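A look at the structure
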Amino acid sequence: MITYEKITKSEAIKTYITRADESLAALGYTEHSFSHVMHVARMAGYILETLGHDARTIELAKIAGYLHDIGNLVNRKDHSQSGAVMAWSILNDMGCDPGEMATIVTAIGNHDEGTGVPVNAVAAAMILADKADVRRSRVRNQDISTFDIHDRVNYSVQHSELTINEEKTQVTLTLSVDTQYGSVMDYFEIFMQRMILCRKAAEKLGMKFRLVINNQQVI
Ligand SMILES: [Fe+2]
Ligand SMILES: [Fe+2]
């Protein structure tokens, strides 16, 4: 049986993640390497575990989280679809069960706000985990004077946390934003589409989505 641990030990997959991130660095994008994909894996697992999903579904969500951005190796555009196809090939070679591959491929292929739809619980958990990973340490550009809007927004986020309430009716993204570097408007300019997708993902999981910025509920 394919496990998250086995996937994270694969040297081939490590190469794809590293090289995909190198392409994004060349394009001036924020960090999409091990720190990001392992964070997504962990958070997707946390969401499904908190909601009482079975252990195997949680494992598949973590695998999908780890693999979700490898499509950036092909091209940033449509990277969710190319990544899904790459994941299918990798997992097929490892002898993964077709039904489990189907779950992983669907989640990867639906994680991006352009075309992604939270079609099932694993896809929904991954969308929430991915879109919530906003933090200063993802900014590579060291020169504040040349920051673009993505750098400004990520750099301005001092703390971000995704939590589910005890009743399991609400998932909340809480951000502490240092407005010295980016305004809350900047945040909305690039995150509006992502937040709409997060709302749909939360609904798929039977929850409401809330966004709290600097102690104020904005969604
Ligand atoms: Fe992505
Ligand atoms: Fe991502």
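This section reports on the structure supplied with the text. (Residues numbered from 1 in each chain as written. Chains lettered and ligands numbered in written order. Predicted model: local features only at pLDDT ≥ 70, side-chain atom pairs only at ≥ 80, totals over all residues. Heavy atoms only, no water.)

**What about the overall build of the chain?**
A count of helices and strands for the chain gives nine helices and four strands. The C-alpha atoms of the chain give a radius of gyration of 17 Å, which matches the 17 Å a tight globule of 219 residues would have. Long-range pairs, those at least 24 residues apart, make up 65% of the contacts in the chain with a sequence separation of at least 6. Total accessible area computed for the chain in this model is approximately 10200 Å², and 50% of it derives from carbon and sulfur atoms. (Helix = DSSP H or I, 4+ residues; strand = E, 2+ residues; numbered from the N terminus. Rg over C-alpha atoms; globule rule 2.2 N^0.38 Å. Contact = heavy atoms within 4.5 Å. Areas by Shrake-Rupley, 256 points an atom, 1.4 Å probe, with all protein chains shown as cover.)

**Structural notes on helix α7 (residues 121-131)**
The buried count for α7 comes to 11 of 11 residues, which makes it a mostly enclosed element. Three or more residues of α7 are buried, namely Ala121, Val122, Ala123, Ala124, Ala125, Met126, Ile127, Leu128, Ala129, Asp130 and Lys131. N-capping of α7 is provided by Asn120, with a side-chain oxygen placed 3.2 Å from the backbone N of Val122. (Buried < 20%, exposed > 50% of the residue type's maximum accessible area, 1.4 Å probe, protein only. Polar contact = N/O pair within 3.5 Å; in protein donor to acceptor, adjacent residues only side chain to side chain.)

**Here's the deal with the coordination of the iron ion (ligand 2)**
Coordination of the iron ion (ligand 2) by the protein involves His36 (NE2), His68 (NE2), Asp69 (OD) and Asp130 (OD), with metal-donor separations of 2.2 to 2.3 Å. Taken together, the four donor atoms coordinating the iron ion (ligand 2) span angles of 82 to 172 degrees at the metal, a pattern that classifies the geometry as irregular. All donors of the iron ion (ligand 2) come from a single chain, and their spacing in sequence reads H-x31-H-D-x60-D. If you look at the iron ion (ligand 2) and the iron ion (ligand 1), they sit 3.5 Å from each other and are both ligated by Asp69. Remark: Asp130 occurs in helix α7 and Asp69 occurs in the loop between α4 (55-67) and α5 (79-93); sequence separation between them is 61 residues. For the pair Asp69 and Asp130, a shared accessibility class is recorded, and that class is buried. (Donors = N, O, S within 2.8 Å, 3.2 Å for Na, K, Ca; no water. Tetrahedral: all angles 85-135°; square planar, octahedral: opposite > 155°, others 65-115°.)

**Quick notes on the nonpolar core**
Within the largest apolar cluster, 64 residues are counted, with the highest numbers of intra-cluster contacts made by Leu67, Leu91, Leu128, Leu173, Tyr187, Phe209 and Leu211. Discounting residues that sit within four places of it in the chain, Leu211 has contacts with Leu173, Leu175, Tyr187, Phe188, Met195, Gln216, Gln217, Val218 and Ile219. (Core = buried A, V, L, I, M, F, W, Y, C linked by side-chain atoms within 4.5 Å.)

**Brief notes about unusual backbone geometry**
Residues other than glycine predominantly adopt negative phi, and peptide bonds predominantly adopt the trans conformation. In this model, Asn214 sits at a positive phi of 50 degrees, which is unusual for a non-glycine residue. Here Asn215, not a glycine, exhibits a phi torsion of approximately 70 degrees, which is positive. Structurally, the position occupied by Asn215 is in the loop between β3 (208-213) and β4 (216-217). With relative accessibility at 76%, the residue Asn215 sits in the exposed group.

**What about the packing of helix α3 (residues 34-50) against α4?**
To characterise two packed helices, one gives the angle between the axes of the helices and the distance between these axes. The N-to-C vectors of α3 and α4 enclose an angle of 160 degrees; their axes lie 7 Å apart at closest approach. Taken as axis vectors, α3 and α4 run roughly antiparallel relative to one another. When the axes of α3 and α4 are compared, the crossing they make is right-handed. Where α3 approaches α4, its residues Phe34, Val37, Met38, Val40, Ala41, Ala44, Gly45, Leu48 and Glu49 are matched on the opposing element by Thr57, Ile58, Ala61, Lys62, Gly65 and Tyr66. Of the residues belonging to the contact of α3 with α4, the class tally is 10 nonpolar, three polar and two charged. (Axes fitted to C-alpha atoms, helices over the stretch in contact; angles between N-to-C directions. Parallel < 35°, antiparallel > 145°, perpendicular 65-115°, else oblique. Left-handed = near helix turned anticlockwise from the far one by under 90°. Nonpolar A, V, L, I, M, F, W, Y, C, P; charged D, E, K, R; others polar.)

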